[in-house]
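# Structural overview for review
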Amino acid sequence: MKYLLIPFIAFFVSCGSKVESQQEKSEEKPSKGFPMVMPHEKPNIKLSHALERNYDAYMGVQPKYNELYSQFKYTPLKGLDYSNHDGTITRRDPSKVIFENGKYYVWYTYRHTKTPPQGADKSTEEIPSSDWDLCDIWYATSTDGFTWEEQGVAVPRPEKPNVGWRSVSTTDILKWKGKYYLYYQGFMEASGKRGDDCPVAVSYSDSPDGPWTPYNKIVIPNGGEGQWDQFSIHDPYPLVYKGKIYLYYKSDSGKKGDWVRMQGLATADNPLGPFTKYAQNPVINSGHETTLFPFKEGIAALVIRDGNEHNTVQYAKDGINFDIASITELMPNAGGPFIPDAFTDTKDGRGITWGISHFTSVNGWKTNHSILTRFDCDLSQDLNDPAMK
Ligand code: AAL
């Protein structure tokens, strides 16, 4: 008799296990997939590689929530003479903007030559090879950041054989213990004749209005034979961070027509050096010109023109290990931002909202002159923070 019961028992056991598995299933509440309303915090569900990146890499799940995302607006500068467009005058590669003595200051590459640039082969003592050949460092001041008054030369080209006798260009400013330092590229022959082998020189002053004393020594030398920064130390860009001078720079490695532009870091305890290059340079794998600023506890970078990661804003919590924080467009070439805390060794960088950059006019493939412009953006912790204006 009892054997007759076995199938009935098996049936009820299987139902029970079905009920149990349905219960288990309902307890598992199988994922409905990624939710319709994008959560701002990383959801506790299995994500695709791209969604993992979306939560782990960027500062915000969409650009509008990302503090390090911005687009850029441009405004011509009033007060500078823009009447000349024959290529004989250029203003380009502005420094960061500082605020001293109740006004803003900016320094930049200035060229006024008889002819527009003619390329390295046709260059002479008077004919420039490129837009940044036969240049001096000039400066301008402003009370509102829109209308500027050109003050004239700050650092002229020195006499031969001093560093920069051919051209001084692409300067940036450092304020350190009450003194001012202008770092710049010091060309010893026309750019393009391997004159891009320029190292970095520096002049110093007790006032942003000068007079400036050239140190007349190379403070950041070219890299050694075969090193990535052998041929050029461009766009010197000093900040004060972790109690030191963090000077970022760009180099062109590779060969003519196939340049690779990346950014390195050199640090020092004294503005006149010695500077120590970071052992794992380059620290940014893309970018042309250098634009960086303290942000929260780290350093942010505008990675502007070249390389796989051009058109990105990047961030390094330690000022060294950079990751992409956002992707953007129409970035300010050679941007020189106004950074209220560039030299305060801040532990909570406020960011940037405006600065000076340049546009370059190109005849065919030749760059023949550039003009300065103002850019505005929102890469700040608080756009309405009065300190950012
Ligand atoms: C700029 C900068 C450096 C180069 C030249 C002038 O974009 O990278 O300064 O030497 O071009």
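Keep in mind it's a predicted model, so treat the numbers as computed, not measured.

Okay, the sheet that holds strand β11 (residues 234–241) next. Strand order in this open sheet of 4 strands is β11-β12-β13-β14, and the pairing throughout is antiparallel. Because the sheet does not close on itself, it has two edges, and the strands there are β11 and β14 (276–277).

To continue, consider the side chain of Q185. With respect to the helices and strands, Q185 occurs in strand β8 (residues 179–187). Side-chain polar atoms of Q185 contact the side chain of T170, separated by 3.4 Å. Only 2.9 Å separates the side chain of Q185 from the backbone nitrogen of D235, close enough to count as a polar contact. Apart from residues lying up to four places away in sequence, Q185 is in contact with S167, V168, S169, T170, C198, P199, I233, H234, D235 and P236.

Spatially, the 4 strands line up as an open sheet ordered β7-β8-β9-β10, and their pairing is antiparallel. Edge strands, defined here as strands with exactly one partner in the open sheet, are β7 (167–176) and β10 (213–214).

One number sums up the size of the largest pocket: a volume of about 920 Å³. Contributing to the lining of the largest pocket are 37 residues, with S130, W132, S191, D196 and R261 lying nearest its centre. Looking at the lining of the largest pocket, the elements that each hand over two or more residues are β8, β11, β12 (244–255), β13 (258–268), β20 (349–363) and β21 (366–380). It is β12 that contributes the most residues to the lining of the largest pocket, 4 residues altogether. Taken together, the residues of the lining of the largest pocket break down into 7 nonpolar, 15 polar and 15 charged. Its volume calculated, the second largest pocket comes out at about 290 Å³.

Another aspect to go through is unusual backbone geometry. Note the cis peptide between K160 and P161, where omega equals -5°. Position of P161 relative to the elements: it lies in the loop between β6 (148–155) and β7. Omega for the bond connecting N281 with P282 falls within 30 degrees of zero, at -5°, which places this linkage in the cis form. Tracing the backbone through its elements, the reader meets P282 in the loop between β14 and β15 (291–296). Unlike most non-glycine residues, D235 shows phi in positive territory, near 55°. Along the polypeptide, D235 turns up in strand β11.

Rules used throughout
- Residues numbered from 1 in each chain as written.
- Predicted model: local features only at pLDDT ≥ 70, side-chain atom pairs only at ≥ 80, totals over all residues.
- Heavy atoms only, no water.
- Pairing = 2+ DSSP bridges.
- Helix = DSSP H or I, 4+ residues; strand = E, 2+ residues; numbered from the N terminus.
- Polar contact = N/O pair within 3.5 Å; in protein donor to acceptor, adjacent residues only side chain to side chain.
- Contact = heavy atoms within 4.5 Å.
- 1 Å grid on protein atoms, 1.4 Å probe; cavity = no way out; pocket = protein on both sides within 12 Å on 5 of 7 lines; lining within 4 Å.
- Points joined across faces, edges and corners; volume = space filled by probe spheres on them.
- Nonpolar A, V, L, I, M, F, W, Y, C, P; charged D, E, K, R; others polar.

Shape descriptors only; they carry no functional weight alone.
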